[in-house]
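A structural walkthrough
Residues per chain, in single letters:
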Amino acid sequence: MFNDDVFAKCPRCGSSDTAFTKDEITCCACGFGEQLVLDDQTLEGMQKDVANALNQAKTRNVLQTWSFAG
């Protein structure tokens, strides 16, 4: 199987039945989900470029954890 045959795989239960929005990725099988970006309260008071860099790093980390192949 090629990596792109599975869109994403839940790190908790291993299911490939997943759904995502621009803010969150969720497993439809077990209900586990993670935010793709940091919450506004965490980013409050930060420079925009710093906040963007942190959000990009968070998103990349979560998608790698989910073996995202999109």
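Please refer to the structure placed before this passage.
Below, the structure is looked at part by part. (Residues numbered from 1 in each chain as written. Predicted model: local features only at pLDDT ≥ 70, side-chain atom pairs only at ≥ 80, totals over all residues. Heavy atoms only, no water.)

Scanning the entire structure with this criterion turns up 4 aromatic pairs. Their ring planes at 5° and their centres at 5.8 Å tell us that F32 and W66 sit as a pair that is stacked. Placement of the pair is F32 in the loop between β2 (24-27) and β3 (33-35) and W66 in the segment after α2 (48-65), with a sequence separation of 34 residues. For the residue pair F32 and W66, the accessibility class agrees, reading buried in each case. Within the aromatic cluster, the residues linked to one another by ring pairs are F7, F20 and F68. (Phe/Tyr/Trp six-rings, centres within 6.5 Å; stacked < 30°, edge-to-face > 60°. Helix = DSSP H or I, 4+ residues; strand = E, 2+ residues; numbered from the N terminus. Buried < 20%, exposed > 50% of the residue type's maximum accessible area, 1.4 Å probe, protein only.)

A few words on the environment of L43. Tracing the backbone through its elements, the reader meets L43 in helix α1 (residues 40-43). Look at L43 and you get buried, because its relative accessible area is 12%. C-alpha of L43 to C-alpha of A53: the two residues are 10 residues apart in sequence and 11 Å apart in space. Setting aside chain neighbours within four positions, we find L43 in contact with L38, A51, L54 and N55. (Contact = heavy atoms within 4.5 Å.)

What follows concerns a nonpolar patch on the surface. On the surface, M46, V50 and L54 cluster together into a nonpolar patch covering about 210 Å² of accessible area. Mapped onto the secondary structure, V50 falls in helix α2. (Patch = residues over 30% accessible without salt bridge, like charges linked within 9 Å, V, L, I, M, F, W, Y side chains within 5 Å. Areas by Shrake-Rupley, 256 points an atom, 1.4 Å probe, with all protein chains shown as cover. Salt bridge = Lys/Arg side-chain N within 4 Å of Asp/Glu carboxyl O.)

For the rest of this paragraph, the subject is the nonpolar core. Counting 8 residues, the largest nonpolar core is built from A8, C10, I25, C27, F32, L36, V62 and W66. Excluding anything up to four places from it in sequence, F32 contacts C10, P11, R12, I25, T26, C27 and W66. (Core = buried A, V, L, I, M, F, W, Y, C linked by side-chain atoms within 4.5 Å.)

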